[in-house]
Amino acid sequence: MTTATQTKPVLTARLMELATSPWLAFALRLYMGGLFIYASVYKINYPAEFAGSIASYELVPYWAVGAMAMVMPWLELISGVLVVTGIRPKAAILVLAGMMALFTVTIVITLLRGVPIGCGCFHSMEDPITWKTFFRDILWLGMTLHVYFYDRKLHLEHLFLVKVKEL
């Protein structure tokens, strides 16, 4: 057996170990939590503009736009804070993954329909969505799923569980 053939399995194993590293998942957890916190701030401060962004997709019934504009940013903020702080991070990242999946499907539908609107992700005055937006969201969805399956570092909920058990 040659040296090149021997190093291939070792390299593959090392790459797999790195890809499934809990520390990588922790870094992605901080990134995704921070991203959703950042995305929520503008929407919370300007709910009417965010409602306009939701309405421009023409996918939500008129009567539901206001409620979505009020609830969705707070869900992003609360889930983002829980993910960053490590309090119930699995549940919170699952909420964020669900939202990312919803956003991705919405973007695909809008792209296929040819509606030239901004994403509405971070502020109301954005460039029109493109397939680049779709691939960015797919990447973010992949990151949230990676966190869900591989994150095991610095979960603060375990600190609270120990104190409850001591009582």
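Thresholds, definitions, all that
- Chains are numbered independently. Their residues run from 1 in the order of the written sequence.
- In view of the model being predicted, local features appear only for residues whose pLDDT reaches at least 70, and side-chain atom pairs are presented and counted only at 80 or more, with totals across whole chains, interfaces and linings using the full set of residues.
- Only hydrogens and water are set aside; all other atoms, that is, all heavy atoms of the structure, feed into the side-chain values.
- For the purposes of this analysis, a disulfide is any pair of cysteine sulfur atoms at a distance within 2.5 Å.
- Here's how the labels work: a residue is buried when its accessible area is under 20% of the maximum for its type, exposed when over 50%, partly exposed in between, all with a 1.4 Å probe on protein chains only.
- Only DSSP runs of H or I covering at least 4 residues are called helices, and only runs of E covering at least 2 are called strands; the numbering of each starts at the N terminus.
- Note that the arc is computed from the directions linking the helix axis to the C-beta atoms.
- Note on contacts: a residue pair is in contact if any heavy atoms of the two residues lie within 4.5 Å.
- Each residue gets a pLDDT score, which is the predictor's confidence in that residue and runs from 0 to 100.
- A fitted line through C-alpha atoms represents every axis, and for helices the fit uses only the stretch in contact; the resulting angles, taken between N-to-C directions, go from 0 to 180 degrees.
- By definition in this entry, angles of less than 35 degrees are roughly parallel, angles greater than 145 are roughly antiparallel, angles of 65 to 115 are roughly perpendicular, and the rest are oblique.
- For any helix crossing, the convention is left-handed if the near helix is rotated counterclockwise from the far helix by under a right angle, and right-handed if that rotation is clockwise.
- Side-chain classes follow a simple rule in which Ala, Val, Leu, Ile, Met, Phe, Trp, Tyr, Cys and Pro form the nonpolar group, Asp, Glu, Lys and Arg form the charged group, and the remainder, Gly included, forms the polar group.

### A few points about the state of the cysteines
Part 1: Scanning the entire structure with this criterion turns up one disulfide.
Part 2: Each sulfur in the disulfide pair C119 and C121 lies 1.8 Å from the other. Both residues of the pair, C119 and C121, count as buried.

### Side note on helix α3 (residues 47-56)
Part 1: Within the sequence span of α3, burial applies to F50, A51, S53 and I54. One face of α3 carries all of its buried residues, which in axial projection span an arc of 155 degrees.
Part 2: Close packing links the buried residues of α3 with α2 (22-45) and α4 (62-85).
Part 3: Just beyond α3, the residue with positive phi is E58, at close to 55 degrees.

### What to know about the confidence of the model for the chain
Part 1: Put simply, the chain has an average pLDDT of 87, and 88% of its residues get 70 or more.
Part 2: By mean pLDDT, the top-scoring element of the chain is α4 (96), and the lowest-scoring one is helix α7 (residues 157-166) (62).

### What about the packing of α2 against α4?
Part 1: It is at 8 Å that the axes of α2 and α4 come closest, and there the two elements cross at 150 degrees. In this view, α2 runs roughly antiparallel relative to α4, as classed from their interaxial angle. Where α2 crosses over α4, the handedness of that crossing is left-handed. Along its contact with α2, which presents R29, L30, G33, G34, F36, I37, A39, S40, K43 and I44, the element α4 presents P73, W74, E76, L77, G80, V81, V83, V84 and T85.
Part 2: For the contact of α2 with α4, the residue count by class is eleven nonpolar, five polar and three charged.

### Considering the packing of α3 against α4
Part 1: Closest axis-to-axis distance for the α3/α4 pair is 9 Å, and the angle between their directions is 115 degrees. Where α3 crosses over α4, the two elements pack in a sense that is right-handed. Counted together, P47, F50, A51, I54 and A55 of α3 and V65, M68, A69, M70, M72 and P73 of α4 form the full contact between these two elements.
Part 2: A breakdown of the residues in the contact of α3 with α4 according to their chemical character gives eleven nonpolar, no polar and no charged.

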